[in-house]
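Examining the three-dimensional arrangement
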Amino acid sequence: MVTKAERQMTNDEPLSSALGLPSKIRIEEVSYSYSGKSALRDVTLDVPAKAVTVVFGPAGGGKTTLLRLVNRLNDLVEGTQMSGRILLDGQDIYASGIDVPALRRRVGMVFALPLPLPGTVRQNVIYGPRLAGMRDPIRQAETIERSLRQAALWDEVKDRLDDPARALSGGQQQRLCIARSLALEPEVLLLDEPTSGLDPISTAKVEESLYQLKQQYTIVIVPHSVQQAARVADHAAFFLMGELIEQRPGREMFTAPRHQRTEDYVTGRFG
Amino acid sequence: MSRPHLLRRSSTPAQQSSSGATNTETAQYTQMNRDLGQRLGFAMLGLAALVVVVPILLVIGTIVARGMGAISWEFLSAMPREGMKAGGILPAIVGTLLLTAGTAIAAIPVGVGGAIYLAEYAGDTWLTRAIRLAIINLAGIPSVVYGLFGLGMFVLFLQFGTSILAGSLTLAIMSLPIIISTAEEALRAVPVEFRTVSASLGGTRWQGIRNIILPQALPGIITGVILGLLRAAGETAPILFTVAAFFLPHLPRTVLDQTMTLPYHLYVISTQVPGMPPQIQYGTALVLLGLVLSLNVVATIIRSYYRRRRQW
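Not measured: the values here are computed from a predicted model. (Residues numbered from 1 in each chain as written. Chains lettered and ligands numbered in written order. Predicted model: local features only at pLDDT ≥ 70, side-chain atom pairs only at ≥ 80, totals over all residues.)

This part takes up the interface of chain B and chain A. Contact residues are listed per partner, giving 16 residues for chain B and 20 residues for chain A. Partitioned by chemical class, the residues of the side of chain B that touches chain A number five nonpolar, nine polar and two charged. (Contact = placed C-beta atoms within 7 Å. Nonpolar A, V, L, I, M, F, W, Y, C, P; charged D, E, K, R; others polar.)

In structure tokens form, the structure reads like this:
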């Protein structure tokens, strides 16, 4: 258990102001439980705009749950309880009257496994915009090329747009899933261990595209290793057993963590 | 003698099965008791499969052999004559086709709609559990009870009279449990991730169902629909009081007309009319069988076509 006093000691200044960046998402005292089992306890976290925020820690820490709360995907799960607030640009996304599909278009998500939808590469990329009402074939073609370029996949698939998405390699499928989210021009991109099933070369490509994307997007990523966390983090938040242990700028987190348990995890003493 | 056995064991399955005649021989020379037990087990299972197939082949074989002689263009396209002992069975064929079509029109939207609701929208509450239980029990009700219900509900209370409308609705209610439960299974078999992905891309629940879930579940839904309709097409009891005519020398003109149907006609000429030539009885059975089997084949073709396009 981390006491409130202890946390205030370690997080005496809000993260985003420490970095001089505006906060895009503010998670306020969020607790969450599935059918009575607590998954997150009293989490308060600031996600700065146009930077990569890494949410890391051992399995079962509530990282995925946190991500799925930010675009309300956990609405699909039954028997859950949530308290606290999540603000996107200062607006409570759980307030009544929120257009949830519109919220999910603003906050994109990429899952741990590549999950192409049935259909071709083209159909996968254009799925979101098409549902949002984009009908013009010229705009569709532009969107497809832009998104695939952003995901560093265009050169590999530009002649295979009408192939089944399943015919691509695992790494290509995952970048396709990133492109599919980017097609909606979201403001925030949530990535849940996006490289967990990928080889090192594909992983490098995905990380490279993240580096490009953060010029434009606010990125929250659950990394698949501490090494990856250290490579990509502008800011980092360490989660353990449903609690936020500490949140710091990335460089400090991985070189000089303040909290003993963070240090133990980062240096590989457990996890 | 163990050497040839070893060679045989390392051969491909195709070669193994072609050397079936020498299998018992091999077992004698070696002490492969386990092998023998396994063969015996497979033999028993094969026998069980055979026991299932033999009666089906016998039924089909008998009907084809005895009924084939009756099939002619006149038999399929003419009205019955001379107290149904001559002429054709056109009104019965047309009646069965019309009833099946009417059943499809009534049952498919309700059945598939209900399945979508149960699989995609309804949570697990006491109400949905009660609905599912009702559907399962509905499938177990004897068909004559559906007939009596149809008589009371559609023929008398709603005053549709003995008509194609009343018969189709009765058959639709009877086929609904099969359609709903198979369609619900098919929808549930589509991986939950597709729903999550569609939602994460800003799709509403209905958009996900329409664009992803329904197309993926279609082969299973079609199977359920055809199974339900086949059951309806071959039934006698539910149409006994609601639509079937003993003898009607013309085709139905509106949905409020009675009609002859194949199953009921078969029942009539087999039990109610003395001195009926057996060839006509078997011929009628053959036509009914042919109709049902060809529907089945169509279903299989549609299903395998969609299954090949499925991607999970």
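Next comes the rest of the write-up.
Right, let's get into the pairing of strand β6 (residues 107-110) of chain A. All names here are of chain A. Neither face of β6 is exposed, since Val-107 and Met-109 on one face and Gly-108 and Val-110 on the opposite face are all buried. As defined by bridge partners, β6 adjoins strand β7 (residues 188-192) across four bridges and the pair is classed as parallel. Its bridge partner lying in β7, Gly-108 is registered against Leu-189. (Buried ≥ 20, exposed ≤ 12 C-beta atoms within 10 Å, placed from the backbone. Helix = DSSP H or I, 4+ residues; strand = E, 2+ residues; numbered from the N terminus. Pairing = 2+ DSSP bridges.)

Side chains three or four residues apart in an α-helix point the same way, a direct result of the helix having 3.6 residues per turn. The end-to-end C-alpha separation of helix α6 (residues 90-121) of chain B is 45 Å, in line with the 46 Å expected for 32 residues at 1.5 Å each. Of all the bends found along α6(B), the most pronounced is centred on Ala107(B) and spans about 35 degrees, while Pro109(B), a proline, follows it within four residues. (Expected span 1.5 Å × (residues − 1). Bend = angle between axes of the 7 residues up to and from the residue.)

All names here are of chain A. Here Ala-230 shows up in helix α10 (residues 226-232). Taking the number of C-beta atoms within 10 Å as the measure of exposure, Ala-230 has 18 and is therefore partly exposed. In the structure, Ala-230 is positioned 25 residues away from Thr-255 in sequence and 9.2 Å away in space, judged by C-alpha atoms.

All names here are of chain A. Read from one edge to the other, the open sheet built from four strands follows the order β2-β1-β4-β5, with strand pairing classed as antiparallel. Two strands lie at the open edges of the sheet, namely β2 (37-48) and β5 (91-92), each paired on one side alone. Pairing of strand β1 (residues 23-34) with strand β4 (residues 80-88) involves eight bridges; the strand directions are antiparallel. Residue pairing for β4: Ile-27 is matched across the bridge by Ile-86.

What follows concerns the domain arrangement of chain B. All names here are of chain B. Here chain B is described as being made up of domain 1 (2-66) and domain 2 (73-309). Opposite the four residues of domain 1 that make contact, domain 2 presents six residues. The residue inventory of the side of domain 1 that touches domain 2, partitioned by class, reads three nonpolar, no polar and one charged. (Domains from an automatic or database assignment.)

Before going further, it helps to spend a moment on the packing of helix α7 (residues 126-140) of chain B against helix α9 (residues 164-189) of chain B. All names here are of chain B. Running from N to C, α7 and α9 point in directions that differ by 135 degrees, and their axes come no closer than 8 Å. Regarding the angle of α7 to α9, the classification is oblique. The hand of the α7/α9 crossing is left-handed. Residues Ile-135, Leu-138 and Ala-139 of α7 touch α9, and the partners they reach there are Pro-177, Ile-178, Ile-180 and Ser-181. Classifying every residue of the contact of α7 with α9 gives six nonpolar, one polar and no charged. (Axes fitted to C-alpha atoms, helices over the stretch in contact; angles between N-to-C directions. Parallel < 35°, antiparallel > 145°, perpendicular 65-115°, else oblique. Left-handed = near helix turned anticlockwise from the far one by under 90°.)

Bringing the sheet that holds strand β8 (residues 218-222) of chain A into the picture now. Residue and element names in this part refer to chain A. Overall, mixed pairing links the six strands, which are arranged β6-β7-β8-β3-β9-β10 in an open sheet. Only two strands of the sheet have a single partner each, and these edge strands are β6 and β10 (243-249). The mean angle between the axes of side-by-side strands here comes to 15 degrees, regardless of whether they run parallel or antiparallel. One ladder, built from six bridges, connects strand β9 (residues 235-240) with β10; its direction is antiparallel. Within β10, the residue paired with Leu-240 across the bridge is Glu-243.

Next up on the list: unusual backbone geometry. We note that Glu29(A) has phi near 45 degrees; this positive angle belongs to a residue other than glycine. Assessed through the 11 C-beta atoms surrounding it within 10 Å, Glu29(A) is described here as exposed. Although it is not a glycine, Gln159(B) adopts a positive phi angle of roughly 55 degrees. Within the element layout of this structure, Gln159(B) appears in the loop between α8 (143-157) and α9. When the 9 C-beta atoms within 10 Å are taken as the criterion, Gln159(B) is described as exposed.

Let's shift gears to the confidence of the model for chain B. Residues and elements named next belong to chain B. Confidence in the prediction for chain B averages 83 pLDDT; 88% of positions are at 70 or higher. Low pLDDT, under 50, characterises residues 1-21; the predicted model gives this stretch eight contacts beyond four residues in sequence or across chains. Scored as a whole, the predicted complex attains pTM 0.77, and scored at its interfaces, ipTM 0.85. (pLDDT = per-residue confidence, 0-100.)

Our focus in this paragraph is the packing of α6(B) against α9(B). All names here are of chain B. Interaxial distance between α6 and α9 falls to 6 Å at its minimum, and their mutual angle equals 35 degrees. In this structure, the crossing between α6 and α9 has a hand that is right-handed. Class assignment of the residues belonging to the contact of α6 with α9 gives a composition of 19 nonpolar, seven polar and three charged.

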